Amino acid sequence: SVFVFTVLETVKHIILTVSDHGRGIPADEHIFIFKRFFRANNTSDIQGTGLGLNIVRRYMKMLKGHIEFRSSLSEGTTFTVTLPINGVKEPAVIN
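### Examining a positive patch on the surface
Stage number 1. Taken together, Lys-35, Arg-36, Arg-57, Arg-58 and Lys-61 make up a surface patch of like positive charges.
Stage number 2. Among the structural elements, Arg-58 can be located in helix H1 (residues 52-62).

### Quick notes on the layout of surface pockets
Stage number 1. Put simply, the largest pocket is a space of about 690 Å³.
Stage number 2. Around the largest pocket, the lining comprises 29 residues; the ones closest to its centre are Ile-25, Ile-33, Thr-43, Leu-53 and Phe-79.
Stage number 3. Of all the secondary-structure elements, those providing two or more residues to the lining of the largest pocket are strand S2 (13-20), H1 and strand S4 (76-84).
Stage number 4. The dominant element in the lining of the largest pocket, judged by the number of residues it contributes, is H1, at four residues.
Stage number 5. Looking at the lining of the largest pocket, its residues break down into 12 nonpolar, 13 polar and four charged.

### Structural notes on the sheet that holds S4
Stage number 1. The antiparallel open sheet is built from four strands, whose spatial order is S1-S2-S4-S3. A strand with exactly one partner marks an edge of an open sheet, and here the two such strands are strand S1 (3-9) and strand S3 (66-72). In this sheet, adjacent strand axes meet at a mean angle of 15° when their direction is disregarded.
Stage number 2. Pairing of S2 with S4 involves eight bridges; the strand directions are antiparallel.

Rules used throughout
Residues numbered from 1 in each chain as written. Predicted model: local features only at pLDDT ≥ 70, side-chain atom pairs only at ≥ 80, totals over all residues. Heavy atoms only, no water. Patch = residues over 30% accessible without salt bridge, like charges linked within 9 Å, V, L, I, M, F, W, Y side chains within 5 Å. Areas by Shrake-Rupley, 256 points an atom, 1.4 Å probe, with all protein chains shown as cover. Salt bridge = Lys/Arg side-chain N within 4 Å of Asp/Glu carboxyl O. Lys, Arg positive; Asp, Glu negative; His and termini not counted. Charge placed at Lys NZ, Arg CZ, Asp CG, Glu CD. Helix = DSSP H or I, 4+ residues; strand = E, 2+ residues; numbered from the N terminus. 1 Å grid on protein atoms, 1.4 Å probe; cavity = no way out; pocket = protein on both sides within 12 Å on 5 of 7 lines; lining within 4 Å. Points joined across faces, edges and corners; volume = space filled by probe spheres on them. Nonpolar A, V, L, I, M, F, W, Y, C, P; charged D, E, K, R; others polar. Pairing = 2+ DSSP bridges. Axes fitted to C-alpha atoms, helices over the stretch in contact; angles between N-to-C directions.

Laid out in structure tokens, this is it:
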């Protein structure tokens, strides 16, 4: 599957999206997607631990951001990560 990445900067946020046109996540499993060790029932042939989205969600909470998604079977999935940029200083330059 091909992935599409986009980045949008607004006055207050950085918004990152990752989309694919893959197999999608079954609708009845959407409520579990951020639970630790959860794997959708249609992913048994794909390697993984079920930890990645749980870790991302925890970091989003720590950074006062959030993650959301939409997905349809056989159509694909889009994850959107929104991070605040208030108080962000210019990046340090290391020589």
